[in-house]
Amino acid sequence: MAGGFSVSGSGVEFEAKITPIVIISCIMAATGGLMFGYDVGISGGVTSMDDFLREFFPTVLKKKHEDKESNYCKYDNQGLQLFTSSLYLAGLTATFFASYTTRRLGRRLTMLIAGVFFIVGVIFNGAAQNLAMLIVGRILLGCGVGFANQAVPLFLSEIAPTRIRGGLNILFQLNVTIGILFANLVNYGTAKIHPWGWRLSLSLAGIPAALLTLGALFVVDTPNSLIERGRLEEGKAVLRKIRGTDNVEPEFNEIVEASRVAQEVKHPFRNLLQRRNRPQLVIAVLLQIFQQFTGINAIMFYAPVLFNTLGFKTDASLYSAVITGAVNVLSTLVSVYSVDRVGRRMLLLEAGVQMFLSQVAIAVVLGIKVTDRSDNLGHGWAIMVVVMVCTFVSSFAWSWGPLGWLIPSETFPLETRSAGQSVTVCVNLLFTFVIAQAFLSMLCHLKYAIFAFFSAWVVVMSLFVLFFLPETKNIPIEEMTERVWKQHWFWKRFMDGADKHHVVPNGGKSNGATV
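The shown structure was predicted, so the numbers you read here are calculated from the model rather than taken from an experiment. (Residues numbered from 1 in each chain as written. Predicted model: local features only at pLDDT ≥ 70, side-chain atom pairs only at ≥ 80, totals over all residues. Heavy atoms only, no water.)

**Student:** An account of the overall build of the protein is needed here, citing residue identities and associated values.
**Tutor:** Along the backbone of the protein there are 22 helices and two strands. A compact globule built from 515 residues would reach a C-alpha radius of gyration of about 24 Å, and the protein, at 23 Å, matches this within 12%. With respect to the principal axes defined by its C-alpha atoms, the protein has extents near 75 × 45 × 40 Å. Per-residue burial over the protein gives 63% buried out of 515 residues. Residue pairs in contact within the protein that sit at least 24 positions apart in sequence constitute 79% of those at least 6 positions apart. When the accessible surface of the protein is totalled, it reaches about 18,200 Å², and 67% of it is carbon and sulfur. Considering the protein, the positive charge centre built from 43 side chains and the negative charge centre built from 34 side chains are found 3 Å apart. (Helix = DSSP H or I, 4+ residues; strand = E, 2+ residues; numbered from the N terminus. Rg over C-alpha atoms; globule rule 2.2 N^0.38 Å. Buried < 20%, exposed > 50% of the residue type's maximum accessible area, 1.4 Å probe, protein only. Contact = heavy atoms within 4.5 Å. Areas by Shrake-Rupley, 256 points an atom, 1.4 Å probe, with all protein chains shown as cover. Lys, Arg positive; Asp, Glu negative; His and termini not counted. Charge placed at Lys NZ, Arg CZ, Asp CG, Glu CD.)

What follows is the structure, given as structure tokens:
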């Protein structure tokens, strides 16, 4: 158990040990990421299995085995894309209900609801007899994703001591990558089981679903959530327990005051649009859009399909997807270690260079080697494509992947945090849906230039980070206005008049002094 202090911007030190209950709560909560990752990873492998295609998409199976069809267009089917993308559309809708439950019922109960949705969705998918059952199952899983992605990052940000908040929050993203790897390994094994291997792939999602549900039954709710709902004594008791000390008055008072201000906000979504909340909102929305336009989900959903398109045989394509999944997990560990040391901006900028170079290299190789009729890359070139995909995945996994979730969850003030998280998840799922629904058609029409398309976006997002994204490492959530937004060359103009809303410890009002 480690001891230490989190320093408040107003000079007050919050005593906070890293207690076993914090670690266990965070690991249990982060299993929501495991479920999300499994759902992302499983669909690409299942949609490249002949048994699955024979049952639900016979026209795609016919196209896949006909040589006269363009290599880039083998899988261009709106129904097949809907199987993958319906999950994200449902998640987008569920997010708005999840915002209400997160605020009114607490973070813990919202995670429990997510777990139940996941379990029912898994049953529908595993037992699917027709396309309708399959899509209903994916929609229920999507509802689970909406609730889990709303509650889990908030839970992690609120329960973690400030100095390790980044690392603990990234546990969610680490579990997403483990879920993707687990899904790729499962697909690699079940592809050999005929004719029901795909059913096993979809059913094994029940394991992370059960873990999340059990975890939500046993964790405590966050002090912020309890205090927000008027349960002050319970909130203080939980704060003592998770901080491992009786000296919690300064932090407790700050949360109570933040909560009091939050209670005065009757319409959190309307409040989000106010001028002083614009920097957080703009950054949260753009980070989600940029995260999708790196092209990562195109690669993660459809890695087996993509490698198949490039002429890898089914076994080899699933094997390559397993390699990229493993790289994803290991690189996310790099982020857990470095995010609170080197900061958020440095990781994003370094990754921008790496992602740009690897995608340009992939576009060049495919442009030269993969035509509509010929897909024989040759052994050396094939290895190079896998290496470049891994280079791209690794840089995403220690930057845009985890930080796209971490930065919004730590920058919104308490009165708009739940609504802000809801908008973050909603925008993320909307653009995930757009990419999932469009990627196979884009691959068919743009061919190798699809990677040039994504690399151009990487340049745009890196410039945005360079000029407009402030550093938030080691700054308590309640101190963001004074220490981040009011100090930033561009965003400080939106902070006029923020003082009267800004919260400082011990019930005082900020005088706008520079911290």
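**Student:** How would you explain unusual backbone geometry if you had to name every residue and give the values?
**Tutor:** Note that the residue after His194, namely Pro195, is joined by a cis bond; omega there is 0 degrees. Here Pro195 shows up in the loop between α7 (165–190) and α8 (197–203). Its identity is not glycine, yet Lys447 carries a phi of approximately 55 degrees, on the positive side. Mapped onto the elements of the fold, Lys447 is located in the loop between α20 (414–446) and α21 (449–468). Residue class for Lys447 comes out partly exposed when judged on its relative accessible area of 24%. Within the chain, Asn474 stands out as a residue other than glycine whose phi angle is a positive 60 degrees. Along the chain, Asn474 falls in the loop between α21 and α22 (480–483).

**Student:** I'd like a description of the packing of helix α19 (residues 400–411) against α20, backed by residues and values.
**Tutor:** Two elements in contact, α19 and α20, have axes separated by 9 Å at closest approach and are oriented at 160 degrees. Of the possible angle classes, the one that applies to α19 and α20 is roughly antiparallel. Along this stretch, α19 crosses α20, giving a crossing that reads as right-handed. Touching Trp405, Pro408 and Ser409 of α19 are Arg417, Gln421, Thr424, Val425 and Asn428, all from α20. Here the residues of the contact of α19 with α20 are counted per class, giving three nonpolar, four polar and one charged. (Axes fitted to C-alpha atoms, helices over the stretch in contact; angles between N-to-C directions. Parallel < 35°, antiparallel > 145°, perpendicular 65-115°, else oblique. Left-handed = near helix turned anticlockwise from the far one by under 90°. Nonpolar A, V, L, I, M, F, W, Y, C, P; charged D, E, K, R; others polar.)

**Student:** Tell me what's going on with the packing of aromatic side chains, and back it up with residues and numbers.
**Tutor:** Taken as a whole, this structure holds 26 aromatic pairs when the rule is applied. Relative to Phe83, the ring of Phe52 lies with its centre 5.2 Å away and its plane at 45 degrees, an arrangement referred to as tilted. With a gap of 31 residues between them, Phe52 in helix α2 (residues 50–56) and Phe83 in helix α4 (residues 78–104) connect regions that are remote in the sequence. For Phe83, a relative accessible area of 0% corresponds to the buried category. Measuring from ring centre to ring centre gives 6.1 Å for Phe290 and Trp400, while their planes differ by 90 degrees; the resulting arrangement is edge-to-face. Within this pair, whereas Phe290 is found in helix α14 (residues 278–293), its partner Trp400 is found in helix α19, the two being separated by 110 residues in sequence. With respect to class, Phe290 is no different from Trp400; both count as buried. (Phe/Tyr/Trp six-rings, centres within 6.5 Å; stacked < 30°, edge-to-face > 60°.)

**Student:** How would you sum up helix α9 (residues 206–218)? Please name residues and give values.
**Tutor:** One full turn of an α-helix is made of 3.6 residues, so residues set three or four places apart face in the same direction. Given a rise of 1.5 Å per residue, 13 residues ought to cover 18 Å, and the 19 Å separating the end C-alpha atoms of α9 matches this to within 8%. Within the span of α9, buried status applies to Pro208, Ala209, Leu212, Thr213, Gly215 and Ala216. The arc that holds every buried residue of α9, seen down its axis, measures 160 degrees, which confines them to one face. Where α9 is buried, its residues contact α1 (20–46), α5 (107–126) and α6 (131–159). (Expected span 1.5 Å × (residues − 1). Arc of directions from axis to C-beta.)

**Student:** Explain the packing of α14 against α19 to me, using residue names and the numbers behind them.
**Tutor:** Their axes nearest at 10 Å, the elements α14 and α19 cross at an angle of 165 degrees. Viewed along their axes, α14 and α19 adopt a mutual orientation that is roughly antiparallel. For the pair α14 and α19, the crossing hand works out as left-handed. Together, Gln280, Ile283, Ala284, Leu287, Gln288, Phe290 and Gln291 of α14 and Trp400, Gly401, Leu403, Gly404, Trp405, Ile407, Pro408 and Thr411 of α19 make up the contact between the two elements.

**Student:** Give a detailed account of the pattern of salt bridges, specifying residues and quantitative values.
**Tutor:** Enumeration over the complete set of coordinates arrives at 15 salt bridges. Across the pair Arg107 and Glu228 runs a salt bridge, and its minimum N-O distance is 3.2 Å. Here the residue Arg107 occupies a position in helix α5, and Glu228 occupies one in helix α10 (residues 223–228), the gap between them amounting to 121 residues. Look at Glu228 and you get buried, because its relative accessible area is 11%. Several salt bridges share partner residues, and in doing so they unite Arg107, Glu158, Glu228 and Arg417 into one network. (Salt bridge = Lys/Arg side-chain N within 4 Å of Asp/Glu carboxyl O.)

**Student:** How would you explain a nonpolar patch on the surface if you had to name every residue and give the values?
**Tutor:** Residues Val353, Phe356, Leu357, Val360, Val364, Ile368, Val459, Leu463, Leu466, Phe467 and Trp489 make up a contiguous nonpolar surface patch of about 1,000 Å² in total accessible area. At the level of secondary structure, the elements contributing two or more residues to the nonpolar patch comprise α17 (344–369) and α21. Top contributing element to the nonpolar patch by residue count: α17, with six residues. (Patch = residues over 30% accessible without salt bridge, like charges linked within 9 Å, V, L, I, M, F, W, Y side chains within 5 Å.)

**Student:** Could you give me a rundown of the state of the cysteines, with the residues and numbers involved?
**Tutor:** What the rule picks out here adds up to one disulfide. Disulfide pairing is shown between Cys73 and Cys444; the S-S distance is 1.8 Å. Judged by the sign of its S-S torsion, about 90 degrees, the bond between Cys73 and Cys444 is right-handed. In this pair, Cys73 sits in the loop between α3 (58–64) and α4 while Cys444 sits in helix α20, placing the two residues 371 residues apart along the sequence. This pair shows no difference in class: Cys73 is buried, exactly as Cys444 is. Summary of cysteine pairing: Cys426 is not part of a disulfide, and the nearest cysteine sulfur, belonging to Cys143, is at 13 Å. When its relative accessible area of 12% is taken as the criterion, Cys426 is described as buried. (Disulfide = S-S within 2.5 Å.)

**Student:** Describe the environment of Thr481, listing the residues and the values that go with them.
**Tutor:** Structurally, Thr481 is set in helix α22. Spatially, the C-alpha atom of Thr481 lies 8.4 Å from that of Pro413, the residues being 68 residues apart in sequence.

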